[in-house]
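# Per-entry structural report
Read off the chains here:
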Amino acid sequence: MAEDKDPDKIVRTELSYIQKVWHTVAIVALLVGVILVARVAFNVLLMMLAGSLIAVYFHGFGDIIQRRTRWSRTWAMTASFIVSFLVLGGLLWFMGAKIQIQIAQLSSTLPHTVSTFKAKLGETPIGQKVLESVSDGNSNNLMATVQTFLGTSFGVLGDFYIILLLGIFFTASPSVYKNGILLLVPKPKKELGEHIMDRISFALKGWLKGMMVSIVLITVLISVALTIIGIPMAMVLGLITGLLELVPNLGSLLAMIPGVLLAFTISTNTAIIVALVYIVSQTITGNIVTPLIQKKIINMPPALTLVSQLIMGTLSGALGIILAVPLLAIIIILIDELYVKKIN
């Protein structure tokens, strides 16, 4: 005769199963929450890195002023602030109106230029195949990807405002934040912690110095060359190229597109010449000038840089792409100091 099952045991078993289900749901919800918070926190950490780069610039400029003038640190930093903002304000004053006019012209001209380029491209069999491959669906996917890359946590202006404030705070009292980080390091390792922070600061200064020289040089080269060739809106095209210099590998390709499209409206030969101008200018800055300036910074393989940009662009948009190289430099330094040197 089969034993009768105890109803209380059945209820307890069912309740235990329900509890397990709720525990599983709670764990999944907690993991999702942690991932979302980590993603937002990662964007905040990137903004802190951008603010740190602003502080690195002002302190680096202050170091140059202090070495040349023998002024006190306070006066050198004050001069760093004043000179930087005066130069920026002067550029905006003398060139701002002209750049604004050229930006408006480029915005109104570019759609017609793209249509003209498509019409010329459709005249050849190869061009027709290219146009067929770029369907409306692919265009929409491309625009969605661009919007993802350009997306930010708090909006462009909000992010810029936060980064600027962080840069001012870090510049005003760097020792407070440096000592705060060292408080998290055990006493026997504080000397190593200071060495790592000094090495990271040195690497960021080298990267920033190379970027600033590259931006100025490529802006001048492209603006002057396109003006000589006769390309309209040469100044704003040079400025776009300079700003995109912040994005190694991908930036040079993106910067070339509007200039070549505008050159196509003149002639095919002009477009080829403009493309060569971009290639030669990028070669000079990317393979000669920048490596000479950044020769003491970590030597990072181009493939590793590109992969880091793709990952950071997917995670954090445009800000992630721009900061991918300095972040990669920090990670390499940390791995070298905390792991590689320990096993050698």
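Residues numbered from 1 in each chain as written. Predicted model: local features only at pLDDT ≥ 70, side-chain atom pairs only at ≥ 80, totals over all residues. Heavy atoms only, no water.

### Comments concerning the pattern of salt bridges
Counted under the stated rule, the structure contains five salt bridges. Two residues, Arg73 and Asp63, come together in a salt bridge whose shortest N-O distance is 2.5 Å. Taken together, the residues span a long stretch of sequence, with Arg73 in helix H2 (residues 73–121) and Asp63 in helix H1 (residues 7–69) at a distance of ten residues. When the shortest N-O distance is used, the salt bridge between Asp63 and Lys205 registers 3.2 Å. Placement of the pair is Asp63 in helix H1 and Lys205 in helix H7 (residues 190–229), with a sequence separation of 142 residues. Each of Asp63, Arg73 and Lys205 takes part in a single network of salt bridges with overlapping partners. (Salt bridge = Lys/Arg side-chain N within 4 Å of Asp/Glu carboxyl O. Helix = DSSP H or I, 4+ residues; strand = E, 2+ residues; numbered from the N terminus.)

### Re the nonpolar core
Membership of the largest hydrophobic core comes to 25 residues, with the highest contact counts inside it found for Leu46, Leu49, Ile200, Leu204, Trp207, Leu319 and Leu323. Where this core is concerned, the elements lending two or more residues are H1, helix H5 (156–172), H7, helix H11 (302–322) and helix H12 (324–343). Residue contacts for Leu204: discarding those within four places in its chain leaves Leu49, Leu53, Val56, Pro326 and Ile330. One finds Ala225, Met256, Val277 and Tyr278 within the second-largest nonpolar core, a separate group that totals 18 residues. (Core = buried A, V, L, I, M, F, W, Y, C linked by side-chain atoms within 4.5 Å. Buried < 20%, exposed > 50% of the residue type's maximum accessible area, 1.4 Å probe, protein only. Contact = heavy atoms within 4.5 Å.)

### Description of a nonpolar patch on the surface
Where nonpolar side chains cluster on the molecular surface, the patch consists of Phe160, Tyr161, Leu164, Leu165, Ile168, Phe169, Val176 and Tyr177 and spans about 750 Å² of accessible area. Going through the elements one at a time, H5 and helix H6 (174–182) are the ones with two or more residues in the nonpolar patch. Sorting elements by how many residues they give to the nonpolar patch places H5 first, with six residues. Here Phe160 is to be found in helix H5. (Patch = residues over 30% accessible without salt bridge, like charges linked within 9 Å, V, L, I, M, F, W, Y side chains within 5 Å. Areas by Shrake-Rupley, 256 points an atom, 1.4 Å probe, with all protein chains shown as cover.)

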